[in-house]
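Examining the three-dimensional arrangement
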Amino acid sequence: MDFDHTDEQRALRDAVRGLLSKTYATIDGRREATAGDPGFDEGMWSRLAEMGVLGLPFPEEAGGMGAGPVEVGLVAEEMGRVLAPEPFVEAVVLCGGLLARAGADVSGIAEGVVLPAYVGGPGVAARCDGDRWVLDGSVSPVLNGARADLLVVVAEAGGTPALFTTAQGERTSFSTYDGGRAARVTFDGTAAEPLGDPTADATGTIEYARARARVAYAHEALGAMERALEMTRDHLRDRHQFGKPLSAFQNLAFRASDMYVSLELARSTVLWASMVLADGDEAEGIEAASRAKLRAAESGRHIGQEAIQLHGGIGLTMEYQVGHYAMRLTTIEHLLGDRRHHLARLAAAVGGHRTVDPLR
Amino acid sequence: MKLRLSPEDAAFRAELREFFTTQVPRHIRDTVAAREDLTKEQMVESMRTLDAAGIAVPNWPVEWGGKDWTPLQRHIWHEEMRAACVPPPITFNASMVGPVIAAFGSQQVKERFLPATRNAGIWWSQGFSEPDAGSDLAALRTSAVRDGDHYVVNGQKTWTSYAQYGDWIFTLVRTDPDAPRKQAGISFLLIDMTTPGVTVRPIRLIDGGSLVNEVFFQDVRVPADNLVGQENHGWHYAKFLLGNERAGIAGVGGTKWLLAEAKTWAGDRLREDPLLAADFARLENDLLAIELTSIRVAAESSDGKAQPASSVLKLAGSELQQAVTELVLNLAGEQGLSSDPAAGAPAWTRPAAPSYLHLRAASIYGGSNEVQRQIIAGTILGL
């Protein structure tokens, strides 16, 4: 077992980091991008497409790069480091993953000309209306729901979940507390295309796509945690009170040390979860994703809260950047199942195995 | 990145698993599994079994019985040993004094001590800490004054684990009280514990045992040949020793075994009590993160350098060990009130309180967790 990235993977990371830093070198970039609709930089989205990032996990014959969860994680981590607001995880990993798996055309996503959004909450029902399928119901929040060109919808069809796509639906946009955009999406006899067999239970497909998105989110959180700790370290060194740097106060230095422990434990688990996903067994991947999401949630909350505390009042200002990291970490914690959700899942299964063995 | 072990490492692991579960005497592994104290004879027998197979001291130089294993292989060796309830080689011998002698001892000292250190012919005690020199080890005062071809040692050591079994003790002693830095006047001296003037006094602990002791030296005459390396260079050797004390520092193997056993002890309560199940799930996720981190550290330290990240392992690993013994104590509940068989409680509940209390030491020994936080702050974060 090894946790080293290959030269190719490092090159990908450097390229993405280089591109993102053109716009997001400082928090001003994010502030500008999230100030108006759609809440991210369309130009950056196109440049990510040109670089191949938006087609990263898709098969080459579908216009993608045929890369795996490890590469996806690298990209997500870089986006987390600079708080890039582009919807990489939602659009590419989650929606793109579901579409690609169903054999649908994902070239528009890879090219950056079709932006999909995931409508995954309960509350949508599908029914046959003559020779077509229609959707009824309402879901909120749908991340980037108003801007989306295409909605990938989980709807109940005959008692089990099934997948549909539609470009319709009524969208009411609103801002989220971390600067993003979401919408309330309402269907009322809205025509939709089945993605795969609508009479078959799609639970497994959906859960696996969500697992891949969870691990990508965990990577994004990892990048954000790493930067939040770096900023906190710099602040402790630079800020003087009582005639000495804050780092001279042992209590503060120790709290930063604990943040580092949190970060490294998260890094190990999240990298491992990517490798489990890359290895192919879906059930193992789904469980590993819950473990990574739980760990990222716990470490992310710890690091986000401490980053603010160790910065003092400035950490709470919109002007200063560290608070934005705490906001984003808080948001990520609640997407696709919070820590309670994942802990409960793991707890329900805890009697079914003697140990968890990462070395195979 | 690679999830699976290489075929070579997987075969290596299978071989060790086979050895540990079939070749180490059953009575020893049963004692560990019952979480009872091993006798000196059992610990020595176990180490001899490992030594006979050539795997007691893989961390030593090959010419003195070591193995040229990768850090990952050493990790596997250690974790498989713990999983099979095999007591690890006596740490004072295998991890502490042995590597120091092999690295810094004269040829004569190596030949005299290393074979007996490897097969537990000598039981070593560690004489580092003193009443006024704990975390601030360099403040130690035990003196060694040269008198012809002997040193005359006076002073007191404390927290000396298993000194009641000790044949010899390796000590840090002050040989130059006038050195400009307190670290500079210290030497590394080997002392036969049967020498007149050496007294051992057990310290009773809240776990009910007396594994630690005070050791007093009153005009103890030690041949100058027993010096390791150069006079007044002992601090350097001690730092080398502490930097080497890394294999299995997170205690993952033992903790994993205990957590797995605890599931059995919990029985139906695991299904009936969701809070208990959540406790297990959370500890299991913590354990996973620490195990993965220890593999990461092992994989990254293939150049042989000690990783500052081992402070993370010491911190997180000791806190997890404590949390798991706390869980077991909670599982035992009222049944854990006494380890006396007369109480008629299930056997697994008897060690619950003593080991919970014993493990409070895990965040103190091996460099207290506060010292580890200081190392992380200084070495890694640059604070």
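Residues numbered from 1 in each chain as written. Chains lettered and ligands numbered in written order. Predicted model: local features only at pLDDT ≥ 70, side-chain atom pairs only at ≥ 80, totals over all residues. Heavy atoms only, no water.

In this section: the overall build of chain A. Counting secondary structure elements, chain A contains 11 helices and 9 strands. A compact globule built from 360 residues would reach a C-alpha radius of gyration of about 21 Å, and chain A, at 21 Å, matches this within 12%. Split into buried and exposed, the 360 residues of chain A put 56% on the buried side. Within the structure as shown, chain A displays about 14000 Å² of accessible surface, and the carbon and sulfur contribution to it stands at 49%. With 35 positive and 50 negative side-chain charges, chain A shows a spacing of 8 Å between the two charge centroids. (Helix = DSSP H or I, 4+ residues; strand = E, 2+ residues; numbered from the N terminus. Rg over C-alpha atoms; globule rule 2.2 N^0.38 Å. Buried < 20%, exposed > 50% of the residue type's maximum accessible area, 1.4 Å probe, protein only. Areas by Shrake-Rupley, 256 points an atom, 1.4 Å probe, with all protein chains shown as cover. Lys, Arg positive; Asp, Glu negative; His and termini not counted. Charge placed at Lys NZ, Arg CZ, Asp CG, Glu CD.)

Its place among the elements puts Ser-274 of chain A in helix 8 (residues 250–279). With sequence-adjacent residues up to four places away left out, Ser-274 of chain A is seen in contact with Pro-69, Val-70, Val-215 and His-219 of chain A. (Contact = heavy atoms within 4.5 Å.)

Residues and elements named next belong to chain A. Along helix 2 (residues 27–35), the residues that are buried comprise Ile-27, Gly-29, Arg-30, Ala-33 and Thr-34. Down the axis of helix 2, the sector holding all buried residues measures 155°, keeping them to one side. In helix 2, the exposed positions that point more than 90 degrees away from the buried face belong to Glu-32 and Ala-35. Against the buried residues of helix 2 lie helix 1 (7–24), strand 7 (181–194) and helix 10 (322–334). (Arc of directions from axis to C-beta.)

The next point concerns the pattern of salt bridges. Opposite charge on two side chains permits them to pair, given that their charged atoms come into close proximity. Throughout the structure, instances matching the rule amount to 51 salt bridges over all chains. For Arg-373 of chain B, the salt bridge goes to Asp-258 of chain A, with nearest N and O atoms at 2.8 Å. One end of the pair, Arg-373 of chain B, is in helix 13 (residues 369–380); the other, Asp-258 of chain A, is in helix 8, on a second chain. Residue Arg-373 of chain B is classed as buried on the basis of its relative accessible area, which comes to 11%. Residue class for Asp-258 of chain A comes out partly exposed when judged on its relative accessible area of 25%. Two residues, Glu-333 of chain A and Arg-301 of chain A, come together in a salt bridge whose shortest N-O distance is 2.6 Å. Here Glu-333 of chain A is found in helix 10, whereas its partner Arg-301 of chain A is found in helix 9 (residues 282–311), with 32 residues between them in sequence. With relative accessibility at 4%, the residue Glu-333 of chain A sits in the buried group. For Arg-301 of chain A, a relative accessible area of 30% translates into the label partly exposed. Each member of the salt-bridge network shares a partner with another, and the members are Glu-77, Arg-81, Glu-226, Arg-227, Glu-230, Glu-264 and Arg-267 of chain A together with Arg-296 of chain B. (Salt bridge = Lys/Arg side-chain N within 4 Å of Asp/Glu carboxyl O.)

What follows is about the pairing of strand 5 (residues 160–166) of chain A. One face of the sheet, then the other: side chains in a regular strand alternate in exactly this way. Residues and elements named next belong to chain A. Summarising burial for strand 5: 5 of the 7 residues are buried, a large majority. Alignment of strand 4 (residues 150–157) against strand 5, held across 7 bridges, turns out to be antiparallel. Bridging across to strand 5, Glu-156 finds its partner in Pro-161. Connecting strand 4 to the next strand, strand 5, in antiparallel fashion are 2 residues, including Gly-158 with a positive phi near 65°. Judged from the 2 bridges that link them, strand 5 and strand 7 form a sheet pairing that is antiparallel. Paired with Phe-164 across the two strands is Pro-194, which belongs to strand 7. (Pairing = 2+ DSSP bridges.)

Here we come to the interface of chain A and chain B. On the chain B side, the residues contacting the 47 residues of chain A number 44 residues. Overall, the association of chain A and chain B removes approximately 4500 Å² of surface from exposure, summing both partners, and the carbon and sulfur fraction of that is 64%. Connecting chain A to chain B are 8 salt bridges. In this structure, Arg-291 of chain A and Glu-284 of chain B form a salt bridge, with 3.5 Å as the shortest nitrogen-oxygen distance. If you look at where chain A meets chain B, you find 23 residue pairs in polar contact (both at pLDDT 80 or more). Among the secondary structure elements, those contributing two or more residues to the side of chain A that touches chain B are helix 7 (203–238), helix 8, helix 9 and helix 11 (339–349) of chain A. For the side of chain A that touches chain B, the per-class residue count stands at 23 nonpolar, 10 polar and 14 charged. (Buried area = accessible area lost by both parts, 1.4 Å probe. Polar contact = N/O pair within 3.5 Å; in protein donor to acceptor, adjacent residues only side chain to side chain. Nonpolar A, V, L, I, M, F, W, Y, C, P; charged D, E, K, R; others polar.)

Quick look at the packing of helix 11 (residues 310–332) of chain B against helix 13 of chain B now. Helix-helix packing is characterised by the crossing angle of the two axes and by the distance between the axes. All names here are of chain B. The N-to-C vectors of helix 11 and helix 13 enclose an angle of 145°; their axes lie 9 Å apart at closest approach. In terms of crossing hand, the pair formed by helix 11 and helix 13 is left-handed. Note on element contacts: helix 13 touches helix 11 through Asn-369, Gln-372, Arg-373, Ile-375 and Ile-376, opposite Ser-311, Val-312, Lys-314, Leu-315, Ser-318 and Glu-319. Considering only residue class, the contact of helix 11 with helix 13 consists of 4 nonpolar, 4 polar and 3 charged. (Axes fitted to C-alpha atoms, helices over the stretch in contact; angles between N-to-C directions. Left-handed = near helix turned anticlockwise from the far one by under 90°.)

All right, on to the environment of Val-185 of chain A then. Residue and element names in this part refer to chain A. Residue position: Val-185 is located in strand 7. Given a relative accessible area of 0%, Val-185 falls into the buried group. As a C-alpha pair, Val-185 and Val-139 span 46 residues in sequence and 5.4 Å in three-dimensional space. Apart from the residues within four sequence positions on either side, Val-185 is in contact with Gly-137, Ser-138, Val-139, Val-142, Leu-151, Glu-170 and Arg-171.

Ranked by internal contacts, the top residues of the largest apolar core, which has 193 residues, are Phe-88 of chain A together with Phe-20, Trp-124, Phe-170, Phe-188, Leu-190 and Phe-280 of chain B. No other element matches the 17 residues that helix 7 of chain A contributes to this core. Once residues lying within four places of it in the same chain are set aside, the contact partners of Phe-188 of chain B are Val-97, Val-100, Phe-128, Phe-170, Thr-171, Leu-172, Asn-226, Leu-227, Val-228, Gly-234, Tyr-237 and Leu-241 of chain B. Listed in part, the 19 residues of the second largest apolar core include Ala-126, Val-139, Phe-164 and Phe-187 of chain A. (Core = buried A, V, L, I, M, F, W, Y, C linked by side-chain atoms within 4.5 Å.)

Note that an α-helix has 3.6 residues per turn; residues three or four places apart therefore point the same way. For helix 4 (residues 69–82) of chain A, with 14 residues, the first-to-last C-alpha span of 20 Å sits near the 20 Å given by 1.5 Å per residue. Among the 14 residues in helix 4 of chain A, 13 count as buried, and that is most of the element. (Expected span 1.5 Å × (residues − 1).)

Residue and element names in this part refer to chain A. Cis geometry is adopted by the peptide bond preceding Pro-38, which originates at Asp-37 and carries an omega value of 5°. With respect to the helices and strands, Pro-38 occurs in the loop between helix 2 and helix 3 (42–51). Of the consecutive residues Ser-140 and Pro-141, the connecting peptide bond is found in the cis state with omega at 0°. With respect to the secondary-structure elements, Pro-141 resides in strand 3 (residues 132–143). Phi at Phe-242 takes a positive value of approximately 55°, unusual for a residue other than glycine. Inspection of the secondary structure assignment puts Phe-242 in the loop between strand 8 (240–241) and strand 9 (244–245).

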